[in-house]
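Architecture and fold: a report
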Amino acid sequence: MSTPDADAPVEIAWQGDWVVAKRQGRWEYVSRARGIQAAVILAIDDAGQVLLVDQYRVPLGRRCLELPAGLVGDERDGDTPESTAIRELEEETGYRAERIEELGFFHSSPGMVTEGFTLVRAHGLTKVSEGGGTGEEDIVVHRVPLTEITAFVAAKRAEGLAMDVKLLLLLAHDWLA
């Protein structure tokens, strides 16, 4: 089976500090600059409550409900998904993880972007600060019982928040039951 455009040269249409717009044959897509990827954190405490964050996202023009996450290697050489997850979980949510378990690498929108993320599970959570991010991130932290996640997401959607596709991980059980 031949794959149209697979052997076409990759052209860079535009490049910024964080993203690169590319063209390959008939395809146009975006990549992260410098090969940067993301670490996404599934953090559920011993009481069965999941940590979520919301923050303003310029491309969406509104706040977005998300799992905590961060970029691997954007500011520190030698970053790993695990070290990024530990740092970002604490910065964004105020919780420190005793242990990080890697769950796999995933692509969120493979028809449009090359970006992927490593999903990790945080274990042994301890609250050490208020969180909220660094600088001007303006991150709001939510601690939501897993048993109430579907209703919580629906309420936030009704308030006008955008929903990150990774929230499907938490909603699938209710939707597939």
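Attention here is on the structure that accompanies the text. (Residues numbered from 1 in each chain as written. Predicted model: local features only at pLDDT ≥ 70, side-chain atom pairs only at ≥ 80, totals over all residues. Heavy atoms only, no water.)

1. Describing the overall build of the protein
Each helix and strand counted, the protein has three helices and eleven strands in total. Going residue by residue from the N terminus, the α and β elements of the protein occur as β-β-β-β-β-β-β-α-β-β-β-α-β-α. Reported as C-alpha extents along the three principal axes, the dimensions of the protein are approximately 50 × 40 × 35 Å. Residue pairs in contact within the protein that sit at least 24 positions apart in sequence constitute 58% of those at least 6 positions apart. Total accessible area on the protein stands at roughly 10,300 Å², and carbon and sulfur atoms take up 53% of it. (Helix = DSSP H or I, 4+ residues; strand = E, 2+ residues; numbered from the N terminus. Contact = heavy atoms within 4.5 Å. Areas by Shrake-Rupley, 256 points an atom, 1.4 Å probe, with all protein chains shown as cover.)

2. Observations concerning a nonpolar patch on the surface
Residues Val 165, Leu 168, Trp 175 and Leu 176 make up a contiguous nonpolar surface patch of roughly 450 Å² in combined accessible area. Of note, Leu 168 is situated in helix H3 (residues 168–176). (Patch = residues over 30% accessible without salt bridge, like charges linked within 9 Å, V, L, I, M, F, W, Y side chains within 5 Å. Salt bridge = Lys/Arg side-chain N within 4 Å of Asp/Glu carboxyl O.)

3. Observations regarding the layout of surface pockets
Of the voids in this model, the largest pocket is the one considered here, and its volume is about 1,400 Å³. Looking at the largest pocket, it is lined by 40 residues, and the ones nearest its centre are Arg 32, Arg 57, Glu 66, Leu 71 and Glu 115. Counting residues per element, the ones that place at least two in the lining of the largest pocket are strand S3 (27–32), strand S4 (37–43), strand S5 (49–57), strand S6 (62–66), strand S7 (69–72), helix H1 (81–93) and strand S9 (116–127). The biggest single contributor to the lining of the largest pocket is H1, with four residues. Tallied by class, residues from the lining of the largest pocket come to 18 nonpolar, seven polar and 15 charged. At the level of elements, strand S8 (95–107) and S9 are the ones that each hand at least two residues to the lining of the second largest pocket. For the lining of the second largest pocket, the class distribution of residues is six nonpolar, two polar and one charged. (1 Å grid on protein atoms, 1.4 Å probe; cavity = no way out; pocket = protein on both sides within 12 Å on 5 of 7 lines; lining within 4 Å. Points joined across faces, edges and corners; volume = space filled by probe spheres on them. Nonpolar A, V, L, I, M, F, W, Y, C, P; charged D, E, K, R; others polar.)

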